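Inside the fold
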Amino acid sequence: MSSDIIDSILHLKAQRRAILLAHNYQRPEVQDIADFIGDSLELSRKAATIDCDVIVFCGVHFMAESASILSPDKIVLLPELNAGCPMADMVTVSERRRVKEHFKGYVEQPVYQFPHEFTLRDMKTKYPGVPVVAYVNTTAAVKAESDICCTSANVIDVVNSMDSDIIISVPDKNLSMWAQRHSNKRIITWDGFCNVHDRITKTDVVQARATYPNAILIAHPECPLEVLELADHVASTSGMIRFCKASDQREFIIATETGILHRLKKDSPEKLFHPLRSDMVCPNMKMTTLNSVLKALQEMKNIVKVDEEIRIKAKTALDRMLSIK
Ligand code: 13P
Ligand code: SF4
């Protein structure tokens with residue numbers, strides 16, 4: 001059955017000159033049919049340079065938007081249009097809204113006390129002239145209102161590249177605090193967070209280390225700073241994969257979304273990987289299935305396209321980031 005679906009996907013992919021990009025958190029079977037798997041930075045670079053007519057983005061909405069911003073002449077399909085990133089929606093340019101409203105349409109998530117009806121424009125008014133670094137986990141509109149983008153792979157380089165001693169960083173408070181630890185700049189952080197990573201605690205780390213005393217701990221910078229400070233290594237998702245592959249260590253505790261374990265095990269089959277917590281699952285990343293990929297290619301309906309005025313401004317912020325490293 002699934003081999004029939006795979007055959008149909010491959011057939012349509014060739015017919016439509018489509019390329020499948022998949023994030024490291026995608027379901028194993030989706031990763032296995034992808035042309036390219038990566039972290040946000042790698043996928044952005046790929047989307048900017050790839051030769052095809054159609055990009056099928058197996059990830060969440062902001063990632064498909066970035067692909068469309070960087071490759072406006074290509075059709076960008078998001079197999080599940082409701083696959084969003086709750087953190088990306090925690091900052092708006094000027095719209096004042098409450099969390100319950102913005103979670104409508106997404107997979108049910110715990111509701112947090114956010115936002116305080118504060119917008120990016122309010123922040124810019126409060127700190128006039130201070131440049132804004134936007135994590136790629138933001139909407140195209142927020143990118144368009146920002147000076148430069150960053151990902152978890154390059155946030156420290158991006159912040160340190162800025163020609164200002166003070167910087168606004170949105171939306172992830174944890175990523176921003178991690179950058180602050182590695183920079184002499186003063187970073188004003190937004191109050192956003194990823195609900196998959198932010199609920200990790202020091203106790204989780206202590207328990208995991210007790211269970212796997214020979215393992216080293218690798219964490220994603222979306223985890224709280226107190227967790228990052230206990231980690232042996234902090235990296236983006238692809239940074240984790242590279243680190244584990246190159247390491248002499250045999251056993252690892254992985255503090256990020258569990259989808260990454262598929263690639264870690266595939267890339268380093270002789271090594272042992274344990275999730276820090278087995279409930280580190282992003283429901284939005286898991287929405288995409290082989291069936292939804294096939295349907296997207298059959299119907300060519302789930303197109304993500306950014307308004308041209310916003311696209312040009314957002315592209316400037318993404319291009320500045322891509323020119324750094
Ligand atoms: P990476 O850029 O490290 O892959 O992270 C993306 C993301 O959404 C993390 O939650
Ligand atoms: Fe967004 Fe967190 Fe899911 Fe990444 S893991 S897409 S930051 S909700």
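Residues numbered from 1 in each chain as written. Chains lettered and ligands numbered in written order. Predicted model: local features only at pLDDT ≥ 70, side-chain atom pairs only at ≥ 80, totals over all residues. Heavy atoms only, no water.

Observations regarding the site of ligand 2
Heads up, the condition is: Any residue with at least one heavy atom within 4 Å of a molecule or strand is counted as near it. The residue classification treats Ala, Val, Leu, Ile, Met, Phe, Trp, Tyr, Cys and Pro as nonpolar and Asp, Glu, Lys and Arg as charged. All others, Gly included, are polar.
Close contacts around ligand 2 come from Tyr25, Cys85, Pro86, Met87, Asn137, Cys194, Glu222, Cys282 and Met285, and that covers them all. Along the lines of polarity and charge, the residues of the shell around ligand 2 split into 7 nonpolar, 1 polar and 1 charged.

Brief notes about the sheet that holds strand E4 (residues 75-77)
The line we're drawing: Pairing between strands requires that DSSP locate at least two bridges from one strand to the other. Secondary structure elements are taken from DSSP: a helix is a run of H or I of four residues or more, a strand is a run of E of two residues or more, and numbering for both begins at the N terminus. Only the stretch in contact is used when fitting a helix axis, every axis being a line fitted to C-alpha atoms; angles between N-to-C directions are given from 0 to 180 degrees.
The sheet built from 4 strands is open, its strands ordered E2-E1-E3-E4 with parallel pairing. A strand with exactly one partner marks an edge of an open sheet, and here the two such strands are strand E2 (36-38) and E4. Each adjacent strand pair in this sheet contributes to an overall mean axis angle of 20 degrees, direction not counted. Looking at chain direction, strand E1 (residues 18-23) and E2 are connected through 3 bridges and run parallel. Paired with His23 across the bridge in E2 is Gly38.

Describing the site of ligand 1
Put simply, the rule is: For the purposes of these results, a polar contact is taken to be a pair of N or O atoms within 3.5 Å, where, inside protein, one atom must be able to donate a hydrogen and its partner to accept one; residues adjacent in sequence count only when each atom of the pair is a side-chain atom. Areas reported here follow the Shrake-Rupley algorithm with a probe of radius 1.4 Å; residue values treat only the protein chains shown as occluding.
The full set of residues close to ligand 1 is His23, Tyr25, Asp39, Ser40, Asn137, Ser152, His197, His220, Glu222, Ser236 and Thr237. Between ligand 1 and Tyr25, the relevant distance is 3.3 Å, taken from an oxygen atom to a side-chain nitrogen or oxygen of the residue. Relative to its unbound accessible surface of 300 Å², ligand 1 loses 96% to contact with the protein. Looking at side-chain class alone, the shell around ligand 1 contains 1 nonpolar, 8 polar and 2 charged residues.

Structural notes on the side chain of Asn174
Put simply, the rule is: Categorising residues by exposure relies on relative accessible area from a 1.4 Å probe, with only protein chains included: less than 20% of the type maximum marks a residue as buried, more than 50% marks it as exposed, and the intermediate range marks it as partly exposed.
Within the fold, Asn174 resides in helix H9 (residues 173-181). What makes Asn174 buried here is its relative accessible area of 4%.

Observations regarding the confidence of the model for the protein chain
Our working definition: Across the chain, each position has a pLDDT score giving the predictor's confidence in that residue, from 0 to 100. Whether two residues are in contact is decided by their heavy atoms: any pair within 4.5 Å suffices.
Looking at the protein chain as a whole, its pLDDT mean stands at 92, while 93% of the residues score no less than 70. Throughout residues 99-114 the model reports pLDDT below 50, and contacts reaching past four residues in sequence, or to other chains, amount to 32 contacts.

Focus: the state of the cysteines
Short version of the rule: To count as a disulfide, a pair of cysteine sulfur atoms needs to be within 2.5 Å.
This model, assessed by the stated rule, comprises 0 disulfides. Counting only cysteine sulfurs, Cys223 is the nearest neighbor of Cys244, a cysteine outside any disulfide, at a range of 14 Å.

Side note on the pairing of E1
Note on strand geometry: in a regular strand, side chains alternate between the two faces of the sheet. To keep it simple, the criterion reads: For a crossover, the right-handed case is the one in which the path from the first strand over the helix to the second runs clockwise, viewed with the strands pointing away from the viewer.
In terms of burial, E1 is a largely internal element, 6 of the 6 residues being buried. Of the two faces of E1, the one carrying Ala18, Leu20 and Ala22 and the one carrying Ile19, Leu21 and His23 are both buried. As judged from the 5 bridges shared by E1 and strand E3 (residues 54-58), these two strands associate in the parallel manner. Each residue of the ladder has a partner; that of Leu20, found in E3, is Val56. Following the chain from E1 across helix H2 (residues 28-33) to the adjacent parallel E2, one finds a crossover that is right-handed.

Quick word on unusual backbone geometry
Val170 connects to Pro171 through a cis peptide bond whose omega is -10 degrees. Turning to its location among the elements, Pro171 is positioned in the loop between strand E7 (166-170) and H9. For Arg17, which is not a glycine, the phi torsion comes out positive at approximately 50 degrees. Among the residues examined, Arg17 registers a relative accessible area of 39% and is labelled partly exposed. Positive phi values are uncommon outside glycine, yet Met300 reaches one of about 50 degrees. Note on placement: Met300 falls in the loop between helix H14 (290-299) and helix H15 (308-322).

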